[in-house]
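Each chain, written out:
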Amino acid sequence: MDPSSSRTDDWQFRRRRSRLVESLRRKGIVDERVLAAIERVPRHVFVDPALLSRAYHDEALPIGLNQTISQPFTVAYQTMLLDVRPGDRVLEIGTGSGYQAAILCELGAEVYSVERLKPLLERARHLLKRLGYRVTTRHGDGSCGWAAFAPYDGIIVTAGAREVPEVLLQQLRLPDEHHRGGRLVIPIGDAESQTMNLIIRRGEDDFERHEMDGFRFVPLIREE
Ligand code: SAH
């Protein structure tokens, strides 16, 4: 296939994307804003050109260096839990392909994203820029968050963690009369499987925790 065709968002891709959105709806994604964002972001541009035909299947795909672009259902599910409002400041840990960051931009978030693998970060950065998404990125270990831009209305971790990194909790926004408390969406478990966790900051040391469905992510690597 002509490589340039992966850059254009022609009707074929749009039609496949609509079908993906319909399948996500059937699988229980009820947040129309999230579905609309998925309808707009050209996922095929974020996947390896060799896998173009599978870009709109509901599956995770390899993006090199043993990492994956998350399954669309997972992206939709995590984004739904994050409940992004326009203008929210959101930190993503694990930029990977950049796809999830683009979805957050579509929802009107001010997006910060950290990735530990430089080649992936560089690729994602260029791609996001080319598509017109404004994302502030950093190369490094995201398990300590990104204190410089804290507090965040939302933190989304796109790799599976053993436990909740305490520092991430501290970087969530405290609720006040103008703001909701920050929300952390993070898969927690062992190498085999994780459950999605939603943690909402209710006060200085007050965190409300919900444990949701099971998933399988690539691991969050913590540098000692
Ligand atoms: N959100 C991505 C999914 C990426 S997979 C997307 O939309 O494509 C998870 C990513 O987390 C991988 O790229 C991996 O390198 C990265 N990662 C793992 N541990 C990390 C850490 N401690 N800090 C930053 N990134 C990390």
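Residues numbered from 1 in each chain as written. Predicted model: local features only at pLDDT ≥ 70, side-chain atom pairs only at ≥ 80, totals over all residues. Heavy atoms only, no water.

S.K.: Could you clarify how one ought to interpret the sheet that holds strand E4 (residues 110–115) in this entry?
M.R.: The pairing of strands in a sheet comes from backbone hydrogen bonds and takes either a parallel or an antiparallel form. An order of E5-E4-E3-E6-E7-E8-E9 is seen for the 7 strands of this open sheet, with the pairing classed as mixed. Pairing within the sheet leaves two strands with one partner each, and these edge strands are strand E5 (135–139) and strand E9 (206–215). Neighbouring strand axes in the sheet, compared pairwise and without regard to direction, differ in orientation by 20 degrees on average. In this structure, strand E8 (residues 194–203) lies alongside E9, joined through 8 bridges in antiparallel fashion. Its bridge partner lying in E9, Gly203 is registered against Asp206. Strands strand E3 (89–93), E4, E5 and strand E6 (154–157) of the sheet are contacted by helix H4 (residues 99–106), whose axis makes an angle of about 170 degrees with E3. Along the sheet face, helix H5 (residues 118–131) touches E4 and E5 and points at about 165 degrees away from the line of E5. (Pairing = 2+ DSSP bridges. Helix = DSSP H or I, 4+ residues; strand = E, 2+ residues; numbered from the N terminus. Axes fitted to C-alpha atoms, helices over the stretch in contact; angles between N-to-C directions. Contact = heavy atoms within 4.5 Å.)

S.K.: When you look at the nonpolar core in this model, what are you seeing that I'm missing?
M.R.: The tendency in soluble globular proteins is for nonpolar side chains to be buried as a group. The biggest cluster of nonpolar side chains holds 50 residues, and the ones touching the most others in it are Leu24, Ile38, Phe46, Tyr99, Ile103 and Leu104. Elements with a minimum of two residues in this core: helix H1 (11–26), helix H2 (32–40), strand E1 (61–64), helix H3 (72–82), H4, H5 and E8. Counting 19 residues, the second-largest nonpolar core is a separate cluster that includes Ile155, Leu184, Ile199 and Leu220. (Core = buried A, V, L, I, M, F, W, Y, C linked by side-chain atoms within 4.5 Å. Buried < 20%, exposed > 50% of the residue type's maximum accessible area, 1.4 Å probe, protein only.)

S.K.: Teacher, can you tell me more about the site of the ligand here?
M.R.: The environment of the ligand is formed by 26 residues, the closest being Ser97, Glu115, Asp141, Gly142 and Ile221. Contacts to the ligand include Asp141, whose side-chain N or O atom sits 2.8 Å from a nitrogen atom. When the ligand is considered free in solution it has 580 Å² of accessible area, and contact with the protein chains removes 99% of it. Where the shell around the ligand is concerned, the elements lending two or more residues are strand E2 (67–69), H4 and E4. Partitioned by chemical class, the residues of the shell around the ligand number 10 nonpolar, 12 polar and 4 charged. (Near = heavy atom within 4 Å. Polar contact = N/O pair within 3.5 Å; in protein donor to acceptor, adjacent residues only side chain to side chain. Areas by Shrake-Rupley, 256 points an atom, 1.4 Å probe, with all protein chains shown as cover. Nonpolar A, V, L, I, M, F, W, Y, C, P; charged D, E, K, R; others polar.)

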